[in-house]
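What follows is the residue order along each chain.
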Amino acid sequence: MEITLKNLTKVFTDSKGKETRAVDNLDIKIPSGKLIGLLGPSGCGKSTTLYMISGLLNPTEGRIFFGDEDVTELAPEKRGIGLVFQNYALYPHMTVRQNIMFPLENLKVPKDEALQLAKEMAELVGIGELLDRKPAQLSGGQQQRVAIARALVKKPRVLLLDEPLSNLDARLRLQTREEIRRIQRETGITTIFVTHDQEEAMSISDEIVLMNFGLEQQKGKPQDVYDNPKNLFVAKFLGTPPIGLYKGELKNGAVYIGEVNIYQTEELKKEANREVIVGVRPEGYDLSESGTLEIISKFIETIGRDLSIVSAHEKAMTESFRIIVQDADSSLFDKEIVKVDLKKNKTFIFDVEDGRRLA
Ligand code: ATP
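Chemist: Honestly, helix α3 (residues 111–124) in this entry has me stumped. Any pointers?
Modeler: Owing to its 3.6 residues per turn, the α-helix aligns residues three or four sequence positions apart on the same side. Between its first and last C-alpha atoms α3 spans 20 Å; for 14 residues at 1.5 Å apiece the expected length is 20 Å, and the two agree. When we look at burial in α3, the residues that qualify are A114, L117, A118, M121, A122 and L124. Each buried residue of α3 sits inside an arc of 155° when the element is viewed along its axis, so together they form one side. Backbone geometry just after α3 places G126 at a positive phi near 80°.

Chemist: Help me out: how do you make sense of the domain arrangement of the protein chain in this one?
Modeler: Where the parts come together, the accessible area they lose is often given as the size of the interface. In terms of domains, the protein chain is made up of domain 1 (3–230) and domain 2 (236–351). A straight line from the C-alpha centre of domain 1 to that of domain 2 covers 38 Å. Each partner contributes to the interface: domain 1 provides 12 residues, whereas domain 2 provides 8 residues. The junction of domain 1 with domain 2 conceals about 910 Å² of combined surface from both sides, 65% of it contributed by carbon and sulfur atoms. In terms of surface lost to domain 2, no three residues of domain 1 exceed Q198, Y226 and P229, which account for 61% of the buried area on that side. At the boundary of domain 1 and domain 2, one finds 1 salt bridge. Between D227 and K346 there is a salt bridge, with the nearest N and O atoms lying 3.9 Å from each other. At the surface where domain 1 touches domain 2, the tally comes to 4 residue pairs in polar contact (both at pLDDT 80 or more).

Chemist: Where do I start with the site of the ligand in this structure?
Modeler: Near the ligand, the surroundings consist of F12, T20, A22, P41, S42, G43, C44, G45, K46, S47, T48 and E163. Measuring from an oxygen atom of the ligand, one finds a backbone N or O atom of G43 at 2.7 Å. A distance of 3.0 Å separates an oxygen atom of the ligand from a polar atom in the backbone of G45. For the ligand, whose free accessible area comes to 640 Å², the fraction covered by protein is 57%. Breaking the shell around the ligand down by element, the ones donating at least two residues are β2 (19–30) and α1 (46–54). Of the residues in the shell around the ligand, the class split is 4 nonpolar, 6 polar and 2 charged.

Chemist: Sorry, what's going on with the nonpolar core here?
Modeler: Most often, soluble globular proteins have nonpolar side chains that are buried together. Core analysis: the biggest nonpolar cluster contains 35 residues, and I100, I127, L152 and I180 have the highest contact counts within it. When contributions to this core are tallied by element, the ones reaching two or more residues are α2 (96–106), α3, α4 (140–152), β7 (158–162) and α5 (170–187). Excluding residues that lie within four positions of it along the chain, I180 makes contacts with L35, I148, L161, P164, L165, F193 and I204.

Chemist: Would you explain the layout of surface pockets in this entry?
Modeler: With a probe scaled to a water molecule rolled over the atoms, the places where space remains empty come into view. Each pocket or cavity is described by its volume, and for the largest pocket that value is around 620 Å³. Every residue lining the largest pocket is counted, 23 residues in all, and those nearest its centre are I81, G82, L83, P103 and K154. Elements that contribute at least two residues to the lining of the largest pocket include exactly β6 (81–84), α2 and α4. A total of 4 residues in the lining of the largest pocket trace back to one element, the largest contributor, which is β6. Partitioning the lining of the largest pocket into residue classes produces 15 nonpolar, 3 polar and 5 charged.

Chemist: What exactly am I supposed to notice about the sheet that holds strand β17 (residues 306–312) here?
Modeler: Strands belonging to one sheet form pairs held by backbone hydrogen bonds; the direction of such a pair is parallel or antiparallel. The strand order across the open sheet built from 5 strands is β15-β19-β16-β17-β18, with neighbouring strands paired in antiparallel fashion. Lying at the two open borders of the sheet, with one neighbouring strand each, are β15 (285–287) and β18 (321–325). For this sheet the average axis-to-axis angle between neighbouring strands, irrespective of direction, equals 50°. Taken together, the 5 bridges between β17 and β18 define a ladder with antiparallel strand orientation. In the sheet register, I309 faces β18, and the bridge partner there is I323.

Parameters and conventions
- Residues numbered from 1 in each chain as written.
- Predicted model: local features only at pLDDT ≥ 70, side-chain atom pairs only at ≥ 80, totals over all residues.
- Heavy atoms only, no water.
- Helix = DSSP H or I, 4+ residues; strand = E, 2+ residues; numbered from the N terminus.
- Expected span 1.5 Å × (residues − 1).
- Buried < 20%, exposed > 50% of the residue type's maximum accessible area, 1.4 Å probe, protein only.
- Arc of directions from axis to C-beta.
- Domains from an automatic or database assignment.
- Contact = heavy atoms within 4.5 Å.
- Buried area = accessible area lost by both parts, 1.4 Å probe.
- Salt bridge = Lys/Arg side-chain N within 4 Å of Asp/Glu carboxyl O.
- Polar contact = N/O pair within 3.5 Å; in protein donor to acceptor, adjacent residues only side chain to side chain.
- Near = heavy atom within 4 Å.
- Areas by Shrake-Rupley, 256 points an atom, 1.4 Å probe, with all protein chains shown as cover.
- Nonpolar A, V, L, I, M, F, W, Y, C, P; charged D, E, K, R; others polar.
- Core = buried A, V, L, I, M, F, W, Y, C linked by side-chain atoms within 4.5 Å.
- 1 Å grid on protein atoms, 1.4 Å probe; cavity = no way out; pocket = protein on both sides within 12 Å on 5 of 7 lines; lining within 4 Å.
- Points joined across faces, edges and corners; volume = space filled by probe spheres on them.
- Pairing = 2+ DSSP bridges.
- Axes fitted to C-alpha atoms, helices over the stretch in contact; angles between N-to-C directions.

Take a look at the structure:
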């Protein structure tokens, strides 16, 4: 089921008449059968967007379509959605089986059929052997699977997940997100997954929609957005370790960090000479004896299989930043000053004023 949001806007007005534009003119298409990560910092409007899609909140302006059907005025229970929240909201006095079957009671599905569906859903989410337990006898990850089974039992057209992994510890988060990905693939159900965790969104989404202050910042495949951020916000929000930022100077199409020319293109010649921000991904440094930029190495740390140099530079905009070292000769980085050149496809130039990407 393709979902289309047309100029979707939500303005909240508090008791003093102060307005918050929680979602601002969102115009996106969510392709059928895909898993979309709706991503952004706290307060950026992710949950509000999800609640408008579910029908729990009415938009101030704009329309919502499921396929060709305009569902903007449709009551939540008529939209054919499955919702899973951060807190699983299971009924504590009911067994897993009863919890999963609960939505079917309202739909007056015959008991035998409901029992069969509950069993199928429990097996789909990998808790087939736990049907007789009560929620208190389950781990957090298992409880979340029950919540997902309950959301799927009505065979919804769309599955909406609001920070479904937040209450789980790091390891269970990883496991459960892989599980969500598997279930989504098996069912082929169009799914929107809200999270503030970029790594989580990047790892399981077919596409991400990155929001800030109620506005869409960028939409696309996770790797494409990472490789081609439209603006400074996107570049900073995606990536672990984060992008390193420097104060740069643009002079006649060439960008300098201090005295060193690190970048130049024809298109930048069209831009007025001024201060710019240079962003370099941690994997964007070539270490060599002849490297033109000199970086201070504070210490070396291990990140998974990689080494990273925790670095400093007088033009850097943060106290330290990280340079990932892969397959480099240790004589090149086992010293106080490390010489580097910047990889052009990992280096981005941004406008100081509005963060727009210039190159
Ligand atoms: P979080 O990750 O913290 O849940 P979010 O991205 O989901 O954040 P929303 O919950 O959608 O953000 O909130 C967006 C903005 O709208 C915030 O500034 C929030 O304070 C405001 N907001 C949300 N609900 C209401 C409400 N009922 N009344 C007034 N303002 C609200």
